Amino acid sequence: MGRHIVCPGCGEAEELMGSQSPEGIRIRCEKCETEWLRDAEPERCATCGGTEVVQRQRALTQFSRGSQLSIVGFTAVPLCRVCDAEMLAWAHAGRAVPFNYRPAALDPEAAKEREKQDGDDVIITP
Ligand SMILES: [Zn+2]
Ligand SMILES: [Zn+2]
C-alpha cells in the first residue's frame, strides 16, 4: 500500500482492517469501529468544490426499548471547512455530528436549505 492510513475517528494507525466492497477498499478501525472508504480521500466538497474536507464522527442512533434514543455506534462523516464550518465547530468541541445532519460537503441542497432557514424560526419536526 505504501500510503499512511489513520483512522479519521480516533487517529489509530495500527489496528485497521481492510476489506473489498462494491465502492472500493473499505477500512474499519478495530478500536472505535469507524468505517470509511480508503479511496474516497481526498474528498471534494460538493458545494464549493474545495478539498478542505475533513472526517468527523457521526453518531449512529436507534430507539431502544422505551423511547430513549441511544447511540449504537459511530461512522465517519465528511465536513467541509468552509461550508460546514458551524458543524465543524460543534464537532471540534468533542461532540458527535447529529445523525440527521446533512453535510454540505456531500449535498449542495442541504447548504441551500440551511441558508434559507437563517433568520426564520427553526421548526423541529419529530
Ligand atoms: Zn478509530
Ligand atoms: Zn465546501
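Refer to the structure above for everything that follows.
Attention here is on the structure that accompanies the text. (Residues numbered from 1 in each chain as written. Chains lettered and ligands numbered in written order. Predicted model: local features only at pLDDT ≥ 70, side-chain atom pairs only at ≥ 80, totals over all residues.)

Let's shift gears to the overall build of the protein. Regarding its fold elements, the protein presents two helices and five strands. Each helix and strand of the protein, ordered N terminal to C terminal, gives the series β-β-β-β-β-α-α. Here the protein holds 126 residues, and the buried ones make up 23% of them. Excluding contacts between residues fewer than 6 apart, the proportion of contacts in the protein whose partners are at least 24 apart in sequence is 44%. (Helix = DSSP H or I, 4+ residues; strand = E, 2+ residues; numbered from the N terminus. Buried ≥ 20, exposed ≤ 12 C-beta atoms within 10 Å, placed from the backbone. Contact = placed C-beta atoms within 7 Å.)

For the rest of this paragraph, the subject is the sheet that holds strand β1 (residues 16-21). Reading across the sheet, the three strands line up as β1-β2-β3 and stay open at both edges, with antiparallel pairing between neighbours. In this open sheet, the two edge strands, each paired with only one partner strand, are β1 and β3 (35-37). On average, adjacent strands in this sheet sit at an angle of 25° to one another, irrespective of strand direction. With six bridges connecting them, β1 and strand β2 (residues 24-29) associate as antiparallel partners. Bridging across to β2, G18 finds its partner in I27. (Pairing = 2+ DSSP bridges. Axes fitted to C-alpha atoms, helices over the stretch in contact; angles between N-to-C directions.)

Glancing now at the environment of Y101. Position of Y101 relative to the elements: it lies in the loop between α1 (85-92) and α2 (108-117). For Y101, a count of 19 C-beta atoms within 10 Å puts it in the partly exposed group. For the pair Y101 and V77, spaced 24 residues apart in the sequence, the C-alpha separation amounts to 9.6 Å.

To continue, consider unusual backbone geometry. Of note in this structure, E33 is not a glycine but carries a positive phi near 70°. Mapped onto the elements, E33 comes out in the loop between β2 and β3.

This brings us to the environment of E109. Position of E109 among the secondary structure elements: in helix α2. C-beta crowding within 10 Å serves as the criterion here: with 12 such atoms nearby, E109 is assigned to the exposed category. Note: C-alpha distance between E109 and A46 (63 residues apart in sequence) is 9.5 Å.

With that settled, the discussion passes to the environment of P78. Within the secondary structure layout, P78 lies in strand β5 (residues 69-80). We classify P78 as buried; it has 22 C-beta atoms within 10 Å. Through-space distance from the C-alpha of P78 to that of E43 is 8.0 Å; in sequence the pair is 35 residues apart. Among all residues touching P78, those that are not within four sequence positions of it are E43, V53, Q55, P103, A105 and L106.

Time to look at the nonpolar core. If you look at the biggest cluster of nonpolar residues, it comprises 15 residues, and the most contacted ones within it are C45, V53, L79, C80, C83, A104 and A105. Looking at which element gives the most residues to this core, the answer is β5, with four residues. If sequence neighbours within four positions are ignored, L79 has contacts with V53, V54, R56, D84, M87, L88, A91, P103 and A105. (Core = buried A, V, L, I, M, F, W, Y, C linked by C-beta atoms within 7 Å.)

Turning to the pairing of β2, a few remarks are in order. Linkage of β1 to β2, two consecutive antiparallel strands, is achieved through a turn of two residues. Summarising the sheet, β2 and β3 pair through three bridges and their orientation is antiparallel. If you follow R28 over to β3, its bridge partner there is E35. Counted between consecutive antiparallel strands, the loop separating β2 from β3 contains five residues, among which E33 sits at a positive phi close to 70°.

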